[in-house]
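# Observations on the model geometry
Chain by chain, the residues run as shown.
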There are 2 protein chains.
Amino acid sequence: MTDTATPGRALPHPDRAEIRLEAVLHALSDPMRLGIVRELAAAEAELSCSHFDVPVTKSTTTHHFRVLRESGVIRQVYRGTAKMNALRRDDLDGLFPGLLDSLLAAADRQSVRLGDAG
Amino acid sequence: MTDTATPGRALPHPDRAEIRLEAVLHALSDPMRLGIVRELAAAEAELSCSHFDVPVTKSTTTHHFRVLRESGVIRQVYRGTAKMNALRRDDLDGLFPGLLDSLLAAADRQSVRLGDAG
DNA sequence: CTCGTAGTACGAGGGTTATCGTACGAGTCG
DNA sequence: CGACTCGTACGATAACCCTCGTACTACGAG
């Protein structure tokens, strides 16, 4: 594990056992957050907050990432000045086998169906 | 088809093509609505609104059923004085294959994990 | 140390949601 | 018809959520 995480700046995450399905669904019911999660899943890697091209201000972006983190969907860690984001795939798959893949597939399908760029 | 539906009291439903994943997820992110959907799925049959033992008033119950209907999760039809509710399994499976089952399985798992009566 | 970049904290505005109570409408049963 | 049950409509209230702007902190580069 690349422990390049900046020390002394830990962020609160729910334990796996504290993750609630309702919270996950709520987190993913926002188009912006769903888009972030889709991109994160496609990348299969950590991405910084600023990597995402979202049509809102930095404040709002911070808010959405916090919702995703506090619902247990993503894990966030500071590396230098950047804050890296990664899907909590292991935890989600462990709690809800198949759910994340179904959700991502559903999002992809809808994207194709609606002719979105994504 | 059991066309015992009361005529002249049609309820507005979204077409299959109008169903949005975000709306579905939002609808299911409420514990009460998720519970209703789970019960509906387990019953594999139409259930009246009053069948459900929810800890809220009738007004609030009406509200939650409307959210489920307008998001495309359930289909509602009047039969006499009762309003029957059924999952839109065909439409949801057609749009998002596997999603509904994953969601229901996830809800069941969490219910067991948390020791709910569900 | 200074500057720039990445992101946070806080507060406010505006919209949506969950809940309720009361009054009402539609069917059914006597 | 009259009474009863099921569910709706409407208004109110309180909470929540998305968004923003501004002021701020943390880190890295020079």
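A brief structural summary. (Residues numbered from 1 in each chain as written. Chains lettered and ligands numbered in written order. Predicted model: local features only at pLDDT ≥ 70, side-chain atom pairs only at ≥ 80, totals over all residues. Heavy atoms only, no water.)

### Observations regarding the protein's contact with DNA strand C
Close to DNA strand C lie 24 residues; Lys58, Thr62 and Lys83 of chain A together with His63 and His64 of chain B are nearest. Looking at DNA strand C alone, sugar and phosphate atoms form 71% of those within 4 Å of the protein. Within the contact set of DNA strand C, a base nitrogen lies 2.5 Å away from a side-chain nitrogen or oxygen of lysine 58 of chain A. Within the side chain of threonine 62 of chain A, one N or O atom sits 2.5 Å away from a phosphate oxygen of DNA strand C. (Near = heavy atom within 4 Å. Polar contact = N/O pair within 3.5 Å; in protein donor to acceptor, adjacent residues only side chain to side chain.)

### A look at the protein's contact with DNA strand D
If you check the shell around DNA strand D, you find 24 residues, and the closest are Ser59 and His64 of chain A together with Lys58, Thr62 and Lys83 of chain B. If you look at DNA strand D and keep only atoms within 4 Å of the protein, 68% of those are sugar or phosphate atoms. Within the side chain of histidine 64 of chain A, a nitrogen or oxygen atom sits 2.4 Å from a phosphate oxygen of DNA strand D. Between DNA strand D and serine 59 of chain B there is a distance of 3.1 Å, counted from a base nitrogen to a side-chain nitrogen or oxygen. Broken down by secondary-structure element, the contributors of at least two residues to the surface near DNA strand D are helix H3 (58–70) of chain A together with helix H3 (58–70) and strand E3 (82–87) of chain B. Split by residue class, the surface near DNA strand D holds 4 nonpolar, 14 polar and 6 charged. (Helix = DSSP H or I, 4+ residues; strand = E, 2+ residues; numbered from the N terminus. Nonpolar A, V, L, I, M, F, W, Y, C, P; charged D, E, K, R; others polar.)

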